[in-house]
Amino acid sequence: MQTTTNHKQEKTSLGHIRVLDLTRVLAGPWCAQNLADLGAEVIKVERPGAGDDTRSWGPPYLQDQDGNNTTEAAYYLAANRGKRAITVDISTSQGQEIIRELAKQSDVVLENYKVGQLKKYGLDYDSLKQIKPDLVYCSITGFGQNGPYAHRAGYDFIVQGMGGFMSLTGERDDLPGGGPQKAGVAIADLMTGMYASIAVLAALNYRDRTGEGQYIDMALLDTQVAMLANMNTNYLTSGKTPKRWGNAHQNIVPYQTFATSDGHIIVAAGNDGQYRKFVQVGGCPDLADDERFASNPLRVKHRDILVPILAEMVKRKSKKEWISELENAGVPCGPINTLDEVFNDPQVIAREMCVDLPHPTAGKVTLVGSPMKLSATPIVYETAPPLLGQDTASVLREILRYDDDQIENLSKNGII
């Protein structure tokens with residue numbers, strides 16, 4: 001087990017942990033960033049000259065202090081704060097030796113290469129556990145290490161479709177615009193990164209109790225299937241395949257979005273009393289006494305009649321008016337905010353969901369804060385997402401005790 005500074009060891013949850021991060025794009029880096037936020041020393045390994053693909057996935061790019069684009073795309077910035085960055089060509093024998101030496105000095109290795117790709121470099125789990133028996137090694141792939149799809153490349157969008165998410169997401173097929181819809185963010189990647197974070201922490205806890213390391217096999221498809229939660233059990237319990245309902249609820253009416261005079265709101269009237277208050281605020285109290293809409297089962301039965309009436313009612317007021325009046329009446333509701341509204345929301349501000357970190361070329365970079373709020377070991381916000389290879393020399397000196405001549409030779413030969 002390796003340690004970082006005494007400050008990190010004492011004041012963070014994972015200050016005693018070193019993570020060797022061989023991942024790129026999103027699922028793996030998201031896991032590594034979670035561990036870095038919790039105080040782990042994370043060493044991000046990238047290809048010399050190119051680095052993580054997401055560095056160039058722009059625009060937008062971070063701008064320097066003169067207003068010029070840097071080489072860091074916003075996509076890259078989203079998942080790589082708190083890490084040290086080194087460049088190593090792992091296709092070379094010298095590069096492989098560097099990774100082996102670093103793995104020996106680390107607690108965790110994360111990788112998201114294709115199945116079997118690292119074995120030819122001697123950097124797979126079976127190889128590294130020979131030199132580090134208590135190593136926690138986490139592989140993240142599209143489909144896992146076994147099964148008929150194991151050797152396929154995994155992409156979030158495809159997995160959202162294969163895993164059933166898109167069969168549940170999108171407008172009803174019988175309405176205009178109906179059909180499958182992906183999420184607005186890469187949920188399979190992000191949730192796999194979250195599950196991987198939990199698995200790594202569990203494996204570290206087991207190692208600390210037993211001294212035994214282990215291998216973690218994470219797959220995007222597994223995660224996408226698992227996260228459908230109650231929709232899975234709806235199907236497994238009833239044998240009926242759930243359908244898309246857009247922004248409506250299959251079992252509750254009204255429980256959906258509505259267009260106001262200047263935007264959209266969500267109304268979640270979960271019982272008859274809330275429904276009555278909703279239509280009273282809208283100036284249509286008679287809709288609560290109409291025998292077709294008097295109870296939720298009746299409203300579900302007659303939704304195609306009721307919802308268009310409610311939609312016309314909601315258009316008569318602004319988003320702000322509806323939110324204020326419904327909240328005062330005790331009707332669950334909320335706005336559908338754009339991101340500028342999100343980051344100006346007083347609750348989001350109060351929860352400190354934006355953080356500014358110093359950046360070597362931009363002066364500072366503004367990032368989204370972690371939702372994990374720990375009282376004794378708060379989240380660590382110390383370093384911005386690193387420039388490509390900015391810590392190569394310092395990591396080789398501090399951890400592997402390489403001298404300046406060794407580092408210079410490796411650089412001349414394109415190894416680092």
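Before any of the text, the structure's been laid out above.
Residues numbered from 1 in each chain as written. Predicted model: local features only at pLDDT ≥ 70, side-chain atom pairs only at ≥ 80, totals over all residues. Heavy atoms only, no water.

Trainee: Tell me about helix α19 (residues 404-412), and name the residues and values.
Mentor: With a side-chain oxygen lying 3.2 Å from the backbone nitrogen of Asp405, the N-terminal cap of α19 falls on Asp403. Phi for Gly414, located one or two positions after α19, is positive at around 75°. (Polar contact = N/O pair within 3.5 Å; in protein donor to acceptor, adjacent residues only side chain to side chain. Helix = DSSP H or I, 4+ residues; strand = E, 2+ residues; numbered from the N terminus.)

Trainee: Now, about unusual backbone geometry: what can you tell me, with residues and values included?
Mentor: Geometrically, the link from Gly58 to Pro59 is a cis peptide bond, its omega value of 5° lying close to zero. Structurally, Pro59 is set in the loop between β2 (41-46) and β3 (61-63). Along the chain, Pro59 connects to Pro60 via a cis peptide bond; the corresponding omega equals 5°. Locating Pro60 in the fold gives a position in the loop between β2 and β3. Of note in this structure, Val25 is not a glycine but carries a positive phi near 75°. Positionally, Val25 belongs in the loop between β1 (18-22) and α2 (27-37). Positive phi, close to 55°, is recorded for Glu352, a residue that is not glycine. Structurally, Glu352 is set in the loop between α17 (346-350) and β12 (354-359).

Trainee: For the side chain of Thr192, give the residues involved together with the corresponding values.
Mentor: With respect to the helices, strands and loops of the structure, Thr192 is situated in helix α8 (residues 187-210). We classify Thr192 as buried; its relative accessible area is 0%. Engagement of the side chain of Thr192 in a polar contact is seen with the side chain of Thr223, the distance being 3.3 Å. Contacts of Thr192, omitting those with residues within four sequence positions, involve Ala27, Ile140, Met218, Ala219, Leu220 and Thr223. (Buried < 20%, exposed > 50% of the residue type's maximum accessible area, 1.4 Å probe, protein only. Contact = heavy atoms within 4.5 Å.)

Trainee: I'd like a description of the sheet that holds strand β7 (residues 136-141), backed by residues and values.
Mentor: Read from one edge to the other, the open sheet built from six strands follows the order β5-β2-β1-β6-β7-β8, with strand pairing classed as parallel. Every other strand in the sheet has two partners, leaving β5 (83-87) and β8 (214-219) as the edge strands with one partner each. For this sheet, the mean angle separating the axes of adjacent strands, direction not counted, is 20°. In this structure, β1 lies alongside β2, joined through four bridges in parallel fashion. (Pairing = 2+ DSSP bridges. Axes fitted to C-alpha atoms, helices over the stretch in contact; angles between N-to-C directions.)

Trainee: Tell me about a nonpolar patch on the surface, residues and numbers included.
Mentor: The grouping of Tyr149, Tyr155, Phe157, Ile158 and Met162 at the surface amounts to a nonpolar patch, some 520 Å² of accessible area in total. Relative to the elements of secondary structure, Ile158 occurs in helix α6 (residues 156-162). For Ile158, a relative accessible area of 46% puts it in the partly exposed group. (Patch = residues over 30% accessible without salt bridge, like charges linked within 9 Å, V, L, I, M, F, W, Y side chains within 5 Å. Areas by Shrake-Rupley, 256 points an atom, 1.4 Å probe, with all protein chains shown as cover. Salt bridge = Lys/Arg side-chain N within 4 Å of Asp/Glu carboxyl O.)

Trainee: Please provide a residue-by-residue account of the packing of α2 against α8, values included.
Mentor: As a packed pair, α2 and α8 sit with axes 7 Å apart at the nearest point and diverge in direction by 45°. In this view, α2 runs oblique relative to α8, as classed from their interaxial angle. Read as a crossing pair, α2 and α8 show a hand that is right-handed. Note on element contacts: α8 touches α2 through Asp189, Leu190, Thr192, Gly193, Met194, Ala196, Ser197, Val200 and Leu201, opposite Ala27, Trp30, Cys31, Asn34 and Leu35. Considering only residue class, the contact of α2 with α8 consists of nine nonpolar, four polar and one charged. (Parallel < 35°, antiparallel > 145°, perpendicular 65-115°, else oblique. Left-handed = near helix turned anticlockwise from the far one by under 90°. Nonpolar A, V, L, I, M, F, W, Y, C, P; charged D, E, K, R; others polar.)

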